[in-house]
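Remarks on the overall topology
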Amino acid sequence: MPIYTFYMCHADGSANSLEAFDLGSDKSAEGCALRMLDQHRSCAYVSVFEGDRPVMARYRTSHATGVSG
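In short, a report on the structure. (Residues numbered from 1 in each chain as written. Predicted model: local features only at pLDDT ≥ 70, side-chain atom pairs only at ≥ 80, totals over all residues. Heavy atoms only, no water.)

With respect to the pairing of strand S2 (residues 15-22)
Side-chain positions along a regular strand alternate between the two faces of the sheet. Where we set the bar: At least two bridges found by DSSP between two strands are what make those strands a pair. Helical segments are the DSSP runs of H or I of at least four residues, strand segments are the runs of E of at least two, and each set is numbered from the N terminus.
Strand direction decides the pairing type here: strand S1 (residues 3-9) and S2, joined by 7 bridges, are antiparallel. The partner of Tyr 7 across the bridge, within S2, is Leu 18. Adjacent in sequence and paired antiparallel, S1 and S2 are bridged by 5 residues, among which Gly 13 carries a positive phi angle near 95°.

Following this line, the structure appears as structure tokens:
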């Protein structure tokens with residue numbers, strides 16, 4: 001299974017923490033990103049990568065931004 005890295009970011013783009021998970025798909029990563037937003041109240045958005053591939057960004061104000069793939 002691919003390793004997805006989740007960066008919890010401030011509005012200026014700096015990351016205040018990151019977590020990595022072995023997940024089966026981009027869809028699984030999306031659910032995880034939304035949970036991260038809920039758990040990390042200080043972050044403005046969560047940026048998700050699978051290796052070097054940008055997968056998505058999920059913002060606190062809009063969950064429909066930044067889907068690629």
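Let us keep going from here.
Remarks on the sheet that holds strand S3 (residues 45-50)
Spelled out, the test is: Here the axes come from fitting lines to C-alpha atoms, over the contacting stretch only for helices, and the angles between their N-to-C directions go from 0 to 180 degrees.
Overall, antiparallel pairing links the 4 strands, which are arranged S2-S1-S3-S4 in an open sheet. With one partner strand each, in any of the chains shown, S2 and strand S4 (53-59) form the two edges of the open sheet. Neighbour-to-neighbour, the strand axes of the sheet open up by a mean angle of 20°, direction not taken into account. Pairing geometry for S3 and S4, over 6 bridges, is antiparallel. Bridged to Ser 47 within S4 is Ala 57.

As for the nonpolar core
This is how it is decided: Working definition of a nonpolar core: buried Ala, Val, Leu, Ile, Met, Phe, Trp, Tyr and Cys residues. They are joined through side-chain atoms within 4.5 Å. The buried label applies to any residue whose accessible area, calculated with a 1.4 Å probe on protein chains only, is under 20% of its type's maximum; exposed applies above 50%, and partly exposed to all values in between. Any two residues whose heavy atoms approach within 4.5 Å are treated as being in contact.
Tyr 4, Phe 6, Ala 29, Val 46 and Val 48 are the most contacted members of the largest nonpolar core, which totals 14 residues. Those elements that place two or more of their residues in this core are S1, helix H1 (26-39), S3 and S4. Top element by residues in this core is H1. It accounts for 5 residues. If sequence neighbours within four positions are ignored, Phe 6 has contacts with Ser 17, Leu 18, Glu 19, Phe 21, Leu 23, Ala 29, Cys 32, Ala 33, Met 36, Val 46, Ser 47 and Val 48.

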